[in-house]
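# Descriptive analysis of the structure
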Amino acid sequence: DEYHDDMPEADYQTWQIELMDELYRVIKPTGSIFYNHKIRRWNNKLHHPWDFLRECKAELYQQITWDRHNSSNVRKEYLLPTTELVFWFRKDKPQVFKDQAIHKTEVWSIPSERNRNGHPAPFPIDLASNAILLTTKEGDTVLDPFSGSFTTGVACINTNRNFIGIEMSKTYCEYGQERLTRAQEEWKSKNVSSVEPSTGTSEVEQ
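Let us look at the structure shown here.

Rules behind the numbers
- Residues numbered from 1 in each chain as written.
- Predicted model: local features only at pLDDT ≥ 70, side-chain atom pairs only at ≥ 80, totals over all residues.
- Heavy atoms only, no water.
- Pairing = 2+ DSSP bridges.
- Helix = DSSP H or I, 4+ residues; strand = E, 2+ residues; numbered from the N terminus.
- Axes fitted to C-alpha atoms, helices over the stretch in contact; angles between N-to-C directions.
- Contact = heavy atoms within 4.5 Å.
- Phe/Tyr/Trp six-rings, centres within 6.5 Å; stacked < 30°, edge-to-face > 60°.
- Buried < 20%, exposed > 50% of the residue type's maximum accessible area, 1.4 Å probe, protein only.
- Parallel < 35°, antiparallel > 145°, perpendicular 65-115°, else oblique.
- Left-handed = near helix turned anticlockwise from the far one by under 90°.
- Nonpolar A, V, L, I, M, F, W, Y, C, P; charged D, E, K, R; others polar.
- Core = buried A, V, L, I, M, F, W, Y, C linked by side-chain atoms within 4.5 Å.

## Regarding the sheet that holds strand β4 (residues 59-67)
Pairing within the open sheet is mixed, and its 4 strands lie in the order β1-β5-β4-β6. Lying at the two open borders of the sheet, with one neighbouring strand each, are β1 (32-37) and β6 (107-109). Shown here is a sheet whose adjacent strand axes are inclined to one another by a mean of 25°, direction ignored. Across 3 bridges, β4 lies against β6 in parallel orientation. Across the sheet, Thr-65 pairs through a bridge with Val-107, a residue of β6. Helix α1 (residues 9-26) rests against β1 and β5 (83-90) of the sheet, and its axis sits at about 160° to β1.

## A short note on the packing of aromatic side chains
Tallying each qualifying case throughout the model produces 11 aromatic pairs. Taking 6.0 Å as the distance between ring centres and 70° as the angle between the ring planes, the aromatic pair formed by Tyr-12 and Trp-15 counts as edge-to-face. On the criterion of helical spacing, the pair formed by Tyr-12 and Trp-15 is a turn pair, its members being 3 residues apart in helix α1. With relative accessibility at 10%, the residue Tyr-12 sits in the buried group. A residue is classified by how much of its surface remains accessible, and Trp-15, at 30% relative accessible area, is partly exposed.

## A few points about the packing of helix α3 (residues 125-135) against helix α4 (residues 151-158)
It is at 9 Å that the axes of α3 and α4 come closest, and there the two elements cross at 55°. Considered as vectors, α3 and α4 are oriented oblique to each other. Seen from above, α3 lies across α4 with right-handed handedness. Two secondary-structure elements touch here, α3 through Ile-125, Ala-128, Ser-129 and Ile-132 and α4 through Thr-151, Thr-152, Val-154, Ala-155, Cys-156 and Asn-158. Taken together, the residues of the contact of α3 with α4 sort by class into 6 nonpolar, 4 polar and no charged.

## Concerning α4
Along α4, 7 of the 8 residues are buried, which leaves the element largely enclosed by surrounding structure. Restricting attention to buried positions, one finds in α4 the residues Thr-151, Thr-152, Gly-153, Val-154, Ala-155, Cys-156 and Ile-157. Looking at the buried positions of α4, the neighbouring elements they touch are α3, β7 (141-144), β8 (162-165) and α5 (170-190). Remark: Asn-160 follows α4 within two positions and exhibits a positive phi of approximately 65°.

## Some points on the nonpolar core
One finds Met-20, Ile-33, Tyr-35, Phe-52, Leu-53, Phe-87 and Phe-89 to be the most contacted residues of the largest nonpolar core, which totals 15 residues. Mapped onto this core, the elements with two or more residues apiece are α1, β1, α2 (50-53) and β5. Here the element with the most residues in this core is α1; it accounts for 5 residues. Not counting the four nearest positions on each side in its chain, Tyr-35 is found in contact with Tyr-12, Gln-16, Met-20, Phe-52, Leu-53, Leu-85, Val-86, Phe-87 and Phe-89.

Everything listed here is a matter of coordinates, which is why it stays silent on function.
Here's what the structure looks like:
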């Protein structure tokens, strides 16, 4: 409601490199960054995200393919794209808990979600949950700089992690707060004797 996705490609790439470098700065040495991106087309030219991601300070740890099962792209001149890329970046040596993960291969087969409260491209909760379970333990803090409909926050509550969300849309923030409140209530009803997860404290290094 406050942003139009019409930034020139060169400006967009510069912005994304700056973003990645800031994420690299704030994560712990054992932390990970999961960066989801599809291959973009701008002025009828194809732009692969690795063309600019290679310039960021974080080191690529592994490339994951997200099999969405479908696509909103209906352009007849191209094959229907049904996958997106998830780049797993590291700082030093990331902590990895593969046994916790739902999807244990480099292809995550997770159906995409439809429009949620006006958000055009909400993440399926299993996508966020798998990244969280793969690289964090209970009580760790997860940062989402583009919170959107706050799916990552809900996934953190469900898995007993702390959550920091950043979102410029007032509409999405209001909706996200409602989602987080509902998720906390549902979590407490299932874990009456457990410690309630926090959404306000941070273990992220400054």
